[in-house]
Every structure is written in structure tokens, then in C-alpha cells.
Amino acid sequence: MPKTNLTEQKISNYSFPTEASWAIKSRKSALNWLETTGLPNRRDEYWKNTDPSYFNTINKPERNKIDYVENSIFENIDRINIVFEDGYFNASKSDELLLKGIEIDTISVANQKDNHWSANYFGVLEKSSQVPVERTLASLNTAFAVEGLAIRITDKIDKPISITYLHTNDTSDVLIHHVIKIEKNASVTILESGGVASRSNCLMEVFVCENAEFDHVRVQGRSHEKIAVTHLFANLLKDSSMKSFTLTVNGKSIRNEYVVDINGENSKAHLGGAAVGDRGFSQDDTIFVSHNNPNCESRQVFKKVLRNGAKGVFQGKILVKDGAQKTDGYQISQGLMLDDDSSFLAKPELEIYADDVICSHGSTCGEIDNAALFYLTSRGIPMAEAQDMLVLAFLNDAIEEISDESIRTIIGGRLKDWMVKRHKS
Amino acid sequence: MLYINNLNVELEDEKKKILNGVNLDINAGEVHAIMGPNGSGKSTLSYVLSGKDGYRVTEGSATFEGREILELSPDERASLGLFLAFQYPVEIPGVGNMTFLRTALNSQRKSRGVEELSAAEFLKIVREKAKNLKIDAEMLKRPVNVGFSGGEKKRNEILQMAMLEPKMCILDETDSGLDVDAMKLVAEGVNALRSKDRSFLVITHYQRLLDHIVPDVVHIMADGKIIKSGGADLALEVENNGYSDLLAEYN
């Protein structure tokens with residue numbers, strides 16, 4: 001199908017919201033970009049390795065096996081829980097949102113108000129990230145998403161805000177758009193977990209102000225039929241920091257895009273991901289980190305364990321602009337194949353215009369080290385357990401990117417579960 | 001304890017014969033040493049006994065405590081009480097030394113039907129044994145063998161041996177890469193484990209390790225088989241005259 005027809009069809013699937021004029025303006029701008037640029041297709045450089053038709057299609061997603069267990073992965077963490085059900089905010093299942101240092105509205109409420117704080121932020125990072133690479137699935141989200149949260153943090157918040165996405169309708173197809181602003185000297189941890197929907201397009205715009213901190217841990221995947229595209233857009237002002245870690249366990253096609261703009265000195269952005277999957281699993285991390293100011297640090301640590309025909313994709317770029325001296329940029333992507341049927345496609349990129357920087361990138365693809373395996377088994381550790389130890393060891397560098405130890409333990413536990421199931425399948 | 005009968009082994013990938021009929025009987029409590037020139041098959045013998053893949057047994061058998069072991073997996077052999085101290089201990093980033101030791105010990109206990117050790121019990125034992133081998137707490141916390149010096153790696157092997165308390169210990173060139181003091185320390189660790197129920201097979205190039213770990217029997221291996229056996233003085237003979245006389249005698 002020609003690109004424009006497909007885009008038109010997709011657009012006609014949604015109805016345009018009626019809201020405050022600022023919101024309409026942002027949405028129209030995104031819609032206009034989508035109409036003129038069109039949805040992604042395989043000929044686009046950034047979609048060479050992942051089939052966008054899973055996200056583009058107007059057909060209902062296949063029926064998903066729904067797994068309620070997933071909803072509780074962060075259950076034992078002392079947290080503020082906010083619940084979405086099949087993409088819709090569920091107030092009765094959520095904790096009280098009136099808390100000191102936190103302002104939370106749903107975007108459907110925020111976008112109706114003429115003078116809501118988010119008026120200057122909704123769709124802004126999505127729009128600025130459309131060059132040099134078009135991200136029209138994000139435009140689609142800005143144009144039509146009526147669910148999501150506008151979160152403003154004005155203090156240091158100890159309890160993580162946990163967004164739980166319940167998945168109860170087995171053919172649900174959702175758009176969710178969050179706008180988060182962390183004011184000067186404030187800090188927050190956002191956790192995301194749950195099945196979301198059979199097909200989902202989730203977007204998060206995060207504004208990290210001066211000396212503010214943003215910590216983000218997300219768990220996605222689970223069912224083998226899951227289709228998800230996510231965009232994390234972050235803008236960092238001086239002396240600020242962000243950390244984002246994603247665990248992906250299974251799924252049909254999952255694409256996570258990150259665009260991080262470092263717009264102040266002495267800021268840090270750490271991105272990490274661990275993905276494990278088998279069968280038709282296709283998981284893609286596409287990352288663009290832009291150093292626009294001197295003395296900043298960025299890290300990308302992405303590891304994928306692939307089995308039984310699974311595919312892992314990594315496209316990570318560090319751009320160091322002219323004048324961004326003393327940049328410390330690091331990127332590693334690694335694939336571990338548990339058999340000969342899987343594939344790992346990596347495209348690490350550095351583009352540097354400053355002359356006094358430290359930037360490194362590495363990408364490897366391999367199998368379990370037989371010498372290590374023999375060493376472990378020769379000490380009495382059974383083969384399956386020894387393999388699991390080495391798989392976890394492989395993922396360890398990525399998991400270490402999570403700052404909170406109890407969350408690290410939870411993530412490690414989920415990975416062990418996956419491995420135990422793997423031995424049974 | 002360990003009886004090897006006419007063991008013939010070739011490399012799996014190429015039809016290259018490495019062992020040509022090894023016969024060796026090791027009784028409980030005995031220390032046997034195997035010496036021999038490079039490429040004589042000493043390390044291969046240790047790998048085949050501990051179950052490394054890449055080798056094909058074409059003939060012969062190896063029984064350990066009355067069980068044929070050549071068909072068993074490496075972990076099964078380990079649980080029966082077989083232990084190989086590696087010539088080149090493997091570095092495993094991401095796996096903590098303590099986690100590794102505890103998993104190994106508890107896997108073996110589980111397979112023998114013995115109750116697993118709790119974290120506290122384990123810690124107490126490992127600290128005591130590590131102290132004897134001058135292994136500090138920092139080394140135990142690090143990933144397995146990562147960033148260890150040659151001497152530290154070998155001491156770590158002996159620590160594993162002390163923790164796992166195997167019945168049959170095979171030491172594959174444990175003296176290689178060690179200075180005199182480190183070798184003494186390792187030898188002391190081995191000697192501390194000598195008992196009437198535990199046997200050793202010490203593979204070495206040099207006689208000097210055998211000054212510290214005095215063997216009951218010394219075997220000379222060449223061309224994939226044992227060509228001569230004798231007492232501890234046979235090692236001295238090799239040290240003084242090299243292998244050429246023995247090889248000439250054999251040919």
C-alpha cells in the first residue's frame with residue numbers, strides 16, 4: 001500500500017479531540033507533520049531492521065494471552081500507584097494523587113484547561129525530535145492520544161510513582177502520552193509496568209530542569225503477541241541527571257525509541273536495557289543522544305539475550321555538537337545468542353564535532369562462553385543452572401544501571417523466571 | 001579409587017589421536033604425579049576425566065569409586081567427588097566468586113542428598129578456609145578470577161578444592177606461573193587436604209612442585225601413554241637428565 005494511503009487510513013481511524021486551543025494547536029501541528037511525512041516504512045533507513053507494519057496497521061491486533069501476574073512486579077515497593085486499564089486511567093484503582101511536591105492530572109483534564117502548566121510542554125519534545133530523523137508514530141501519538149498523565153514534580157520525592165498498565169481486553173490498541181516536568185532541585189523515580197495492551201504506542205516527554213533528577217525503570221513485554229512502540233523524549237538542563245532502564249521479556253515486536261537532548265552543562269544521561277526473548281521476538285532500541293553543551297556524560301548500555309529465532313536490533317547514536325567539549329560519551333550494545341537461529345543487528349554511531357571529548361562505542365554478538373560453562377559445571381553446577389548464571393552475568397552490566405537495589409533484585413528475579421520457563425519450553 | 005583402563009582418546013573435530021591406551025590405578029589416599037614433555041597428553045587426560053567436550057573416547061574406560069564416569073556430565077562427576085584444578089582458571093565477569101562457590105557447593109550437596117548450607121554457615125566456612133590460603137575478603141567479593149594475578153587464580157582453585165572437599169583431586173600444572181612463595185602456599189594448601197580417603201593426581205612439568213607435594217608414585221607420560229612408573233626418585237631423574245633418556249628407552 002502506498003505510504004500516503006496507509007497514513008490516511010490510519011488517521012481516519014482516530015477522532016480529533018476537542019480541547020483548549022493550545023492543545024489543539026500542538027495536535028494539529030503533529031497531525032500536519034504526520035500527513036506530510038507519512039508513517040514509517042521499510043525503505044526508511046531507521047526502519048530497515050524492524051517491520052513498522054505491526055504499528056502502522058489499522059487491523060485489530062491479534063488476540064493476546066493476558067497475564068495478570070505481571071501487574072504486580074513492583075508490588076512490594078513502597079510507591080504511589082497509578083493504574084491504567086487498557087490505556088484508560090482508572091481513578092478507583094489508583095492511589096490518591098494529591099501529594100506534596102507532586103501535581104498530577106490526566107492529559108484529558110490538563111488539555112481542557114487554558115492555563116495548565118503543561119500547555120508549554122505537551123508535544124514540544126516530540127516535535128523537536130522529528131529532525132534529523134522522522135518519528136511519525138510519535139506524531140500520531142501527539143495528535144490523537146487522549147490518555148496519559150501530566151506530572152509536575154516540585155520537590156524531592158522519596159516514593160517512586162508507579163504507573164501500572166493493566167491489560168484486560170485481549171485486542172486492545174492504545175495511545176498513551178505522558179508529560180513530566182521535574183522542576184529545579186526536584187527529583188522523582190517513575191516506574192512503569194504491566195501488559196499495557198495488545199498493541200500500544202506510549203510516549204513520554206520529560207523535562208528535567210536545573211539540578212533535577214529523573215529516574216525511570218520500566219518493564220515491558222511478557223506475552224509473545226505483544227506489539228509496542230515507545231518514545232522517551234528527554235530534555236536536560238544544567239547539573240541535572242536522568243537514568244532510564246527498560247527490561248523487555250518477550251513480545252512480538254517491541255520498539256523503544258529514545259531521544260535525549262542534553263542542554264546544560266554538567267548533566268548526565270544514562271540509558272540501559274536488558275531484553276530477553278524467544279520465538280518470534282523482535283526487539284529494537286533506537287537511541288539518539290545529543291550533547292549540546294560541554295562537560296556532560298552519557299551512557300548507553302543495552303544487552304539482549306536471544307533464542308529460538310528471536311531478533312534484537314540496536315541503533316544507537318551519540319551526537320556531540322561543536323562546542324560540547326569534555327563530553328564523556330559511552331555506548332555498548334551486546335547480543336547473546338542461545339542458538340544459531342537468532343539474530344542481532346547493531347548500528348552504533350558516533351558523530352562528533354568537538355575536538356576534546358572522550359567517546360567510545362562497542363558492539364558484540366556472541367554465544368555462551370564454553371570455557372566458562374565447563375568451569376562452572378566442573379565444580380558441580382548443573383548445565384542449565386550454569387547457563388543461567390552466565391546469561392545473568394551477561395546482563396549484569398545493564399542491570400547495574402538501575403540505582404535502587406531492591407528494584408535491581410526485582411528485575412533479576414524476573415529474568416530468572418524467564419530462564420526457568422525457558423528450560424521447560 | 002580411580003581406575004583408568006586402556007584409555008584411547010582423539011579430538012572430536014579432527015581425527016587426531018591424543019591418548020593411546022592410558023592405564024592408571026590410583027588408590028584411596030595416594031598421591032600420583034604425572035610428568036612428561038609438552039604435547040604428551042597430560043592435560044588432555046585431566047580434561048577427559050573431568051568431562052570437557054571436544055574429545056572422543058574411542059576405547060577404554062575410567063571408573064571412579066566403582067562407577068564408569070566417561071558418560072557422565074561434568075557436574076555429575078564433580079558431585080561424585082572429582083575435582084580438576086585448572087591450569088588456566090577461567091575469568092567469569094558478572095559472576096561473584098562467593099555466589100559461584102556457594103552455588104557449586106550447594107549443587108553438589110543437593111545432588112548427594114545433603115542439606116544445603118545457609119548463607120551464614122557458608123560464609124563462616126569460606127572465611128576460615130580463605131584465611132589459611134591468604135585470600136582476602138576483597139578477592140572473594142570480586143567476579144570469578146577477574147583481575148586476579150596468576151598466583152591468586154591458583155590459590156582460588158585450591159580454595160574451591162578445600163570448600164568442595166573432593167575425593168579425587170586432579171591438579172593440572174598448578175605450579176605454572178607461580179613464584180617460589182606462591183608455590184609453597186599452594187602446596188601447603190594441598191598438603192592440608194591430604195588424607196587417607198582423598199587421592200591426588202598431580203600433573204607437572206617440573207620436579208620442584210614435588211619437593212613440596214611428595215608423591216607416592218611418579219608416572220612419565222609420552223606419546224599419549226604412560227611409559228614408565230616409579231617412586232618419587234623418578235622425578236629427580238627427570239629433573240637431572242631430562243626426558244630424552246626415558247624416551248630413548250621407550251622407543
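In case you missed it, the structure is sitting above this.
What comes next is a walk through the structure.

The rules we used
Residues numbered from 1 in each chain as written. Chains lettered and ligands numbered in written order. Predicted model: local features only at pLDDT ≥ 70, side-chain atom pairs only at ≥ 80, totals over all residues. Heavy atoms only, no water. Helix = DSSP H or I, 4+ residues; strand = E, 2+ residues; numbered from the N terminus. Rg over C-alpha atoms; globule rule 2.2 N^0.38 Å. Contact = heavy atoms within 4.5 Å. Salt bridge = Lys/Arg side-chain N within 4 Å of Asp/Glu carboxyl O. Buried < 20%, exposed > 50% of the residue type's maximum accessible area, 1.4 Å probe, protein only. Buried area = accessible area lost by both parts, 1.4 Å probe. Polar contact = N/O pair within 3.5 Å; in protein donor to acceptor, adjacent residues only side chain to side chain. Nonpolar A, V, L, I, M, F, W, Y, C, P; charged D, E, K, R; others polar. Pairing = 2+ DSSP bridges. Axes fitted to C-alpha atoms, helices over the stretch in contact; angles between N-to-C directions. Patch = residues over 30% accessible without salt bridge, like charges linked within 9 Å, V, L, I, M, F, W, Y side chains within 5 Å. Areas by Shrake-Rupley, 256 points an atom, 1.4 Å probe, with all protein chains shown as cover. Lys, Arg positive; Asp, Glu negative; His and termini not counted. Charge placed at Lys NZ, Arg CZ, Asp CG, Glu CD. Expected span 1.5 Å × (residues − 1). Arc of directions from axis to C-beta.

Time to look at the overall build of chain B. The number of helices and strands found in chain B is 10 helices and 12 strands. The C-alpha atoms of chain B give a radius of gyration of 18 Å, which matches the 18 Å a tight globule of 251 residues would have. Its C-alpha atoms give chain B principal-axis dimensions of about 55 × 40 × 35 Å. Here the contacts in chain B between residues at least 6 apart in sequence split such that 69% fall between residues at least 24 apart.

Between side chains of opposite charge, pairing is possible as soon as their charged atoms come close. The final tally for this structure, using the stated rule, is 26 salt bridges over all chains. Residues A:Asp284 and A:Arg255 are paired through a salt bridge, measuring 2.9 Å at the closest nitrogen-oxygen approach. Of this pair, A:Asp284 sits in strand 14 (residues 282-291) while A:Arg255 sits in strand 12 (residues 253-262); the two residues are 29 residues apart in sequence, bridging distant segments of the chain. The pair formed by A:Asp284 and A:Arg255 is uniform in burial state, with each residue classed as buried. A salt bridge links B:Lys153 to B:Glu91; the nearest nitrogen and oxygen atoms lie 3.0 Å apart. Of this pair, B:Lys153 sits in helix 6 (residues 150-164) while B:Glu91 sits in the loop between strand 6 (82-85) and strand 7 (92-96); the two residues are 62 residues apart in sequence, bridging distant segments of the chain. The class of B:Lys153 is buried, set by a relative accessible area of 17%. If you follow the salt bridges from partner to partner, you end up with A:Glu103, A:Arg152, A:Lys181 and A:Glu183 in one network.

In this section: the interface of chain B and chain A. Listed as interface residues are 28 residues of chain B and, on the opposing side, 17 residues of chain A. Counting the surface lost from both chain B and chain A, the interface buries some 1800 Å², and carbon and sulfur atoms represent 71% of this. Here chain B and chain A share one salt bridge between them. Here B:Glu157 and A:Arg379 are joined by a salt bridge, their closest N and O atoms 2.7 Å apart. Linking chain B to chain A there are eight residue pairs in polar contact (both at pLDDT 80 or more). Elements that contribute at least two residues to the side of chain B that touches chain A include exactly helix 1 (42-50), helix 2 (74-80), strand 6, strand 7, helix 3 (97-111) and helix 6 of chain B. With five residues, helix 3 of chain B is the single largest residue contributor to the side of chain B that touches chain A. For the side of chain B that touches chain A, the class distribution of residues is 16 nonpolar, nine polar and three charged.

Time to look at the sheet that holds strand 12 (residues 225-230) of chain B. Residues and elements named next belong to chain B. Strand order across the open sheet formed by six strands is 6-9-10-3-11-12, with mixed pairing between neighbours. Strands at the two margins of the open sheet, each flanked by one partner only, are strand 6 and strand 12. Each strand axis lies, on average, 20 degrees off the axis of its neighbour in the sheet, ignoring direction. Across five bridges, strand 9 (residues 168-172) lies against strand 10 (residues 199-203) in parallel orientation. Paired with Met168 across the bridge in strand 10 is Ser199.

Our focus in this paragraph is the sheet that holds strand 16 (residues 311-320) of chain A. Neighbouring strands of a sheet are bound in pairs by backbone hydrogen bonds; such pairs are parallel or else antiparallel. All names here are of chain A. Judged by pairing direction, the sheet is mixed, and its nine strands sit side by side in the order 3-4-6-8-10-12-14-16-18 without closing on themselves. The two strands at the open ends of the sheet, each matched to only one other strand, are strand 3 (102-106) and strand 18 (343-352). Here the strands of the sheet are splayed against their neighbours by 5 degrees on average, with no regard to which way each runs. One ladder, built from five bridges, connects strand 3 with strand 4 (residues 149-153); its direction is antiparallel. When the bridges of strand 4 are listed, Ile102 appears paired with Ile153. Contacts between helix 6 (residues 136-144) and the sheet are confined to strand 6 (173-182), strand 8 (199-208) and strand 10 (227-236), with strand 8 contributing the most and set at about 85 degrees to the helix.

Attention now goes to the pairing of strand 1 (residues 80-85) of chain A. All names here are of chain A. Counted residue by residue, strand 1 has five buried out of six residues, so it is predominantly covered. As defined by bridge partners, strand 1 adjoins strand 5 (residues 161-166) across six bridges and the pair is classed as parallel. Pairing of Asn81 across the sheet is with Ser162, part of strand 5. In this sheet, strand 2 (residues 88-89) lies alongside strand 1 in antiparallel orientation, the contact comprising two bridges. Its bridge partner being in strand 2, Glu85 is matched across the sheet by Tyr88. The turn linking strand 1 back onto strand 2 is made up of two residues, and Asp86 within it adopts a positive phi angle of 50 degrees.

Together, A:Glu385, B:Glu115, B:Glu116 and B:Glu121 line one region of the surface with negative charge. By the element assignment, A:Glu385 lies in helix 8 (residues 383-399).

Moving on: helix 4 (residues 119-132) of chain B. Residue and element names in this part refer to chain B. An ideal rise of 1.5 Å per residue puts 20 Å on 14 residues; helix 4 measures up with 20 Å between its terminal C-alpha atoms. Along helix 4, the residues that are buried comprise Phe122, Val126, Lys129 and Ala130. Projected down its long axis, helix 4 carries its buried residues within an arc of 100 degrees, all on one side. Facing away from the buried side of helix 4 by more than 90 degrees, the exposed set consists of Ala120, Lys124, Arg127, Glu128, Lys131 and Asn132. Here the buried face of helix 4 lies against helix 3, helix 5 (137-141) and helix 6. A positive phi of about 55 degrees marks Lys134, the residue just after helix 4.

Before going further, it helps to spend a moment on the environment of A:Gly380. One can find A:Gly380 in the loop between helix 7 (370-377) and helix 8. For A:Gly380, a relative accessible area of 2% translates into the label buried.

Shape is all these values report; function is a separate question.
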